[in-house]
Amino acid sequence: MELTHYLVLAAILFAIGAATVLLRRNAIIVFMGVELMLNATNLAFVTFARMHGDVTGQVLAFFVMVVAAAEVVVGLAIIVSIFRTRRSASVDDVNLLKS
Amino acid sequence: MTMLLPALPAASGLPAATDVVAVSEIVPDVFRAAPLLVLLPLLGAAVLLLAGRRSDRWGAWFGVLMSGAAFVVGVVLFLAMLGLPADERVVDHHLFDWIVAGGLDLAVGLRIDPLSLTFVLLVTFVGTLIHVYAVAYMAHDRDRRRFFAYLNLFVAAMLVLVLADSYLLLFVGWEGVGLASYLLIGFWNHHRPYAVAAKKAFVMNRVGDIGLIVALMLMFATFGAVDFTTVFAEAPAASTALLTATSLALLLAACGKSAQFPLQAWLGDAMAGPTPVSALIHAATMVTAGVYLVVRSAPIFEGAPTAQLVVVIVGAVTLLFGAIVGCAKDDIKKALAASTMSQIGYMILAAGLGPIGYAFAIFHLVTHGFFKAGMFLGAGSVMHGMDDQVDMRRFGGLARYMKVTWITFMAGWLAILGIPPFSGFWSKDKIIEAAFVPVDGEPWRAWVFGGVALLGAGITAFYMSRLFFMTFSGRRRWNDGGGSLDGLGSQDGPVRHPHESPRLMTWPMIVLAVGSVALGGLLAAGSRFVTWLEPVTGHAEHAEPVLPVWALMTLTLVLVLAGAALAWREYAMASVPVRAPRGSALTRAARRDLYQDDVNEAVFMRPGQYLTRSLVYADKEMVDGGWMGLAGLVGRVGEWLRGWQNGYVRSYGATMLGGLVVVAAVVLALTTGSAS
């Protein structure tokens, strides 16, 4: 199997994730989009590691996973906290910082 | 000055040889005292201004003392000067280095020579007398001390002006007298017209000062120096065009300070100041500074015959101008001011004639200083007795009530008329004579300027007699409070009780009157004064006027007597209406100073105001508008950018993504571009 196909898949997944982040209002779904983008990147990393026979890409993928796990914890906590105070999980309702 | 006269024979160019040896050894030490001349009055002004109300009680006499002390120093210097042989009578006293900058190396020094000493004696002597007079005249003024501080400041500044050994130091004194004059004209500045008059004098003087500044620049550019010694030594070598330009600039300065045409308009209004000020500053001393400047700058003027002609023309025009205005004024002080203008016209005319005129210009300046100051003090005395009335149509028959004032005023009147043997005769006749001396190649000059000078003498006789008769002779035109009125319209107006002034006021008048009677003859005898000034003005060859001297003298006297007789018929024999009649067109014009104010307003003031208003408008609209527009643009851009911060996370995300894509695209383009 051609390794390039993995890269194409990673790009497609990344695009889906980005579109989710930009288009959906629900914070949980937006979050899932972010996760999708991160994991698309991971896929690209390991693919390149395989292509070049260099483990640095795999190491970085692990780093991304760790960071993503931490980010999920913090992010979900914020979302829950906002949901509790504002009774809404829509990102468009959280716009108090505008001019 | 009168007390010095016994010593004068030594000035006639034949000092005894033994005296010279004895005196010349101590002379350097004596002249070292010269700075005291300036410092004493300056100290007086400083003390009186700084001590404030504490010095109210003794301030006036302290001012008198300082001025008198300066006079004593002046006398000592004068006696020392007489001890020197004529060719050593120019003493430059170096004080300290002032400006050492590149090409300009200027020291502050005093030049003590016959010309400056003449001024020193005139200023300090007449000044001290007027100080004494003012002690009584200003007795009831709350601010008498401040008045004396200003008077002392004036004396100090005037002495700097005449003693300076460079044009720059002269300029310092020049500005100083301008300041003192401004402060004193506006001494009663709570009265608005007086404050306006002071401002007018100041502004018009500034116009003249520009001339002096331009002259300074030209001198520096031409000679690289502004001190008298260098400038006068190098002036003959300079080009005529440059000398003409410098001379005209100096003439402008002289016109401003001496109230000569076309900058004469301020002098009449300057009479708003207290009368001693009018006597000292606006008659006897400051206004003659222009004459001093022209005579002092003789080496420059002599290289520029065209400028000299302009000087003569200015003098002649002002002479007639002042005389005509003087004929119509009813305000005694303004009539005297017009007369001052006219008499200074004579001096400027003489100063423009060249070496034959310099000495007589200064001679007339000195005699005029005495008789005009005397008459101003007389006018002050009349005002004192008449509760500050200045309208001569409200005077009349005052001779009976103020004998001393009447007699001293008469001395001044006869002197200005030029009746022999009074002072004015000796000086004015000489100027008329000099004006009639033919100039090579231009025969018209002698006739035109001589004729103007002659005519001026006649008109002078008329208006001064008019003033004298309206005030002291004829019927009483003031309300004497009793029923026994013998004048027309004398029952209206406030009741007056004319009385002679106190001795402190009459004594200075008497001294000045003695000077008006005798000074001219004493100084003219054996041409003492001319010889005395020769170290500065140079020796003038005697030149014959186009008419014989006796004919000129007779003609002058006939014109003067005719003028006086006409005035006698009109203002002493006939009754003078209390309200001024409408008069002829010329009279009405003269009452308004020949429309000089209207001309100035139309030609300079209104266009000037229009110009400043346009400039303000342009500044607001174009300069300010430009910057304000730029600021507005920045603000509007900011407003537009602010719209991007809408608070929606997703739009921020889209922006970030867009930015990232752009950055990635640029990086890709660059790397592939550089790789290929």
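Quick notes on the rules
- Residues numbered from 1 in each chain as written.
- Chains lettered and ligands numbered in written order.
- Predicted model: local features only at pLDDT ≥ 70, side-chain atom pairs only at ≥ 80, totals over all residues.
- Heavy atoms only, no water.
- Helix = DSSP H or I, 4+ residues; strand = E, 2+ residues; numbered from the N terminus.
- Buried < 20%, exposed > 50% of the residue type's maximum accessible area, 1.4 Å probe, protein only.
- Contact = heavy atoms within 4.5 Å.
- Rg over C-alpha atoms; globule rule 2.2 N^0.38 Å.
- Expected span 1.5 Å × (residues − 1).
- Polar contact = N/O pair within 3.5 Å; in protein donor to acceptor, adjacent residues only side chain to side chain.
- Buried area = accessible area lost by both parts, 1.4 Å probe.
- Salt bridge = Lys/Arg side-chain N within 4 Å of Asp/Glu carboxyl O.
- Nonpolar A, V, L, I, M, F, W, Y, C, P; charged D, E, K, R; others polar.
- pLDDT = per-residue confidence, 0-100.
- Patch = residues over 30% accessible without salt bridge, like charges linked within 9 Å, V, L, I, M, F, W, Y side chains within 5 Å.
- Areas by Shrake-Rupley, 256 points an atom, 1.4 Å probe, with all protein chains shown as cover.
- Phe/Tyr/Trp six-rings, centres within 6.5 Å; stacked < 30°, edge-to-face > 60°.
- Lys NZ or Arg CZ within 6 Å of the ring centre and 35° of its normal.
- Pairing = 2+ DSSP bridges.
- UniProt positions renumbered as here; feature names shortened; annotations may be inferred.
- Axes fitted to C-alpha atoms, helices over the stretch in contact; angles between N-to-C directions.
- Parallel < 35°, antiparallel > 145°, perpendicular 65-115°, else oblique.

1. Re the overall build of chain B
And then number 1: Helix and strand content of chain B: 25 helices and two strands.
And then number 2: Referenced to the eigenvectors of the C-alpha coordinate spread, the extents of chain B come out at roughly 115 × 75 × 60 Å.
And then number 3: The burial tally for chain B puts 54% of its 676 residues in the buried class.
And then number 4: Contacts in chain B between residues far apart in sequence, at least 24 positions, make up 80% of those at least 6 positions apart.

2. Details of the overall build of chain A
And then number 1: Broken down by element type, chain A carries three helices and zero strands.
And then number 2: Taken from N to C terminus, the helices and strands of chain A fall in the order α-α-α.
And then number 3: Taken over C-alpha atoms, the radius of gyration comes to 16 Å for chain A, far larger than the 13 Å a tight globule of 99 residues would show.
And then number 4: Referenced to the eigenvectors of the C-alpha coordinate spread, the extents of chain A come out at roughly 50 × 25 × 25 Å.

3. Focus: helix H18 (residues 423-435) of chain B
Residues and elements named next belong to chain B.
And then number 1: Spanning 13 residues, H18 covers 19 Å between terminal C-alpha atoms, matching the ideal 18 Å at 1.5 Å per step.
And then number 2: Counting buried residues along H18, 11 of its 13 residues qualify, which places the element largely inside the surrounding structure.
And then number 3: Within the span of H18, buried status applies to Ser 423, Gly 424, Phe 425, Ser 427, Lys 428, Asp 429, Ile 431, Ile 432, Glu 433, Ala 434 and Ala 435.

4. Thoughts on helix H2 (residues 27-52) of chain A
Residues and elements named next belong to chain A.
And then number 1: Taking 1.5 Å per residue, 26 residues should reach 38 Å; H2 reaches 38 Å between its end C-alpha atoms and fits that length.
And then number 2: Turning to H2, its buried residues are Ala 27, Val 30, Phe 31, Gly 33, Glu 35, Met 37, Ala 40, Asn 42, Ala 44, Thr 47 and Ala 49.
And then number 3: In this structure Asn 26 caps H2, since a side-chain oxygen of it lies 2.9 Å from the backbone nitrogen of Ile 28.
And then number 4: Directly beyond the C-terminal end of H2, a positive phi value near 65° is found at Gly 53.

5. Structural notes on the interface of chain A and chain B
And then number 1: Taken together, the contacts link 13 residues of chain A with 10 residues of chain B.
And then number 2: Summing the contributions of chain A and of chain B, the shared interface buries around 960 Å²; its carbon and sulfur component is 58%.
And then number 3: Counting across the interface, chain A meets chain B through zero salt bridges.
And then number 4: The tally of links from chain A across to chain B stands at two residue pairs in polar contact (both at pLDDT 80 or more).
And then number 5: Partitioned by chemical class, the residues of the side of chain A that touches chain B number seven nonpolar, two polar and four charged.

6. Overview of the confidence of the model for chain B
If pLDDT is low for a region, its predicted coordinates should not be looked at in detail.
All names here are of chain B.
And then number 1: Looking at chain B, pLDDT values average 85 and 94% of them are 70 or higher.
And then number 2: In the predicted structure, residues 1-26 sits below a pLDDT of 50 and forms 34 contacts with residues beyond four places in sequence or in another chain.
And then number 3: The ipTM value of the predicted complex is 0.82, and its pTM value is 0.77.

7. Quick word on the side chain of Arg 393 of chain B
Residue and element names in this part refer to chain B.
And then number 1: Along the chain, the position of Arg 393 falls in the loop between helix H16 (355-385) and helix H17 (403-417).
And then number 2: Residue Arg 393 is classed as buried on the basis of its relative accessible area, which comes to 6%.
And then number 3: Engagement of the side chain of Arg 393 in a polar contact is seen with the side chain of Asp 330, the distance being 2.8 Å.

8. Section: a nonpolar patch on the surface
And then number 1: Taken together, the side chains of Met 622, Val 623, Trp 627, Leu 630, Leu 633, Val 634, Val 637, Trp 640, Leu 641 and Trp 644 of chain B define a hydrophobic patch exposed on the protein surface, amounting to about 1100 Å² of accessible area.
And then number 2: Checked against the element boundaries, Val 637 of chain B lands in helix H24 (residues 596-642).

9. Thoughts on the packing of aromatic side chains
Residue and element names in this part refer to chain B.
And then number 1: In total, this model carries 28 aromatic pairs over all chains according to the counting rule given.
And then number 2: Centroid distance Phe 119 to Tyr 292: 5.0 Å. Interplanar angle 70°. Geometry classified as edge-to-face. Residue Phe 119 is located in helix H4 (residues 114-137), and its partner Tyr 292 is located in helix H12 (residues 289-296); the two are separated by 173 residues in the primary sequence.
And then number 3: Put simply, the rings of Phe 409, Trp 413, Phe 468, Phe 469, Phe 472 and Trp 568 pair up and form one aromatic cluster.
And then number 4: It is Arg 206 that lies over the ring of Phe 202; its NZ or CZ is 4.2 Å from the centre.

10. Quick look at the pairing of strand E2 (residues 104-112) of chain B
Residues and elements named next belong to chain B.
And then number 1: Where burial is concerned, most of E2 is hidden: seven out of the nine residues are buried.
And then number 2: Pairing of strand E1 (residues 91-101) with E2, which is carried by nine bridges, proceeds in the antiparallel orientation. Within E2, the position partnered with Ala 101 by the bridge is Leu 104.
And then number 3: Hairpin geometry of E1 and E2 is characterised by an intervening segment of two residues between the two adjacent antiparallel strands and by a positive phi of about 55° at Gly 102.

11. Here we look at the UniProt feature "transmembrane region" (unreviewed entry) in chain A
And then number 1: Under the local residue numbering, the UniProt record ascribes the feature "transmembrane region" (unreviewed entry) to residues 6-23, 28-48 and 60-83 of chain A.
And then number 2: Across residues 60-83 of chain A, the secondary structure splits into 100% helix and 0% strand, with the terminal C-alpha atoms separated by 33 Å.

12. Some points on unusual backbone geometry
And then number 1: Cis geometry is found at the peptide bond from Phe 261 of chain B to Pro 262 of chain B, where omega equals 5°.
And then number 2: On the secondary structure map, Pro 262 of chain B appears in the loop between helix H9 (240-258) and helix H10 (266-269).
And then number 3: Here the bond from Pro 420 of chain B into Pro 421 of chain B is cis, since omega is 5°, no more than 30 degrees from zero.
And then number 4: Position of Pro 421 of chain B relative to the elements: it lies in the loop between H17 and H18.
And then number 5: A positive phi angle, close to 55°, is found at Arg 87 of chain A, a residue other than glycine.
And then number 6: Structurally, the position occupied by Arg 87 of chain A is in the segment after helix H3 (56-86).
And then number 7: With phi around 55°, Ala 259 of chain B is a residue other than glycine that occupies positive phi space.
And then number 8: By secondary structure assignment, the location of Ala 259 of chain B is in the loop between H9 and H10.
And then number 9: Since its relative accessible area comes to 0%, Ala 259 of chain B is described here as buried.

13. Quick look at the pattern of salt bridges
Residue and element names in this part refer to chain B.
And then number 1: Tallying each qualifying case throughout the model produces 17 salt bridges over all chains.
And then number 2: For Lys 200, the salt bridge is made with Asp 269, and the minimal N-O distance between the two is 2.5 Å. Placement of Lys 200 in helix H7 (residues 192-223) and of Asp 269 in helix H10 is noted, with a sequence separation of 69 residues between them.
And then number 3: Overall, Lys 200 belongs to the partly exposed group, its relative accessible area being 21%.
And then number 4: Where salt bridges share partners, they join Arg 53, Asp 56, Asp 143, Arg 145 and Arg 146 into one cluster.

14. Some words on the environment of Ala 44 of chain A
Residues and elements named next belong to chain A.
And then number 1: In this structure, Ala 44 sits in helix H2.
And then number 2: With a relative accessible area of 17%, Ala 44 lands in the buried category.
And then number 3: Considering only alpha carbons, one finds Ala 44 and Tyr 6, 38 residues apart in sequence, at a separation of 7.2 Å.

15. So, the side chain of Ser 381 of chain B
Residues and elements named next belong to chain B.
And then number 1: Mapping Ser 381 onto the fold places it in helix H16.
And then number 2: A residue is classified by how much of its surface remains accessible, and Ser 381, at 0% relative accessible area, is buried.
And then number 3: Side-chain polar atoms of Ser 381 contact the side chain of Ser 501, separated by 2.7 Å.
And then number 4: Setting aside residues up to four positions removed in sequence, Ser 381 forms contacts with Tyr 133, Met 402, Thr 405, Glu 500, Ser 501, Met 505 and Met 509.

16. Concerning the packing of H9 of chain B against H12 of chain B
Residues and elements named next belong to chain B.
And then number 1: Between H9 and H12, the shortest axis-to-axis distance is 7 Å and the interhelical angle comes to 160°. In terms of axis orientation, H9 runs roughly antiparallel to H12. Contacts between H9 and H12 pair Leu 250, Ala 253, Ala 254, Lys 257 and Ser 258 from the former with Ala 289, Gly 290, Val 291, Leu 293 and Val 294 from the latter.

17. Looking at the environment of Lys 403 of chain B
And then number 1: One can find Lys 403 of chain B in helix H17.
And then number 2: A residue is classified by how much of its surface remains accessible, and Lys 403 of chain B, at 48% relative accessible area, is partly exposed.

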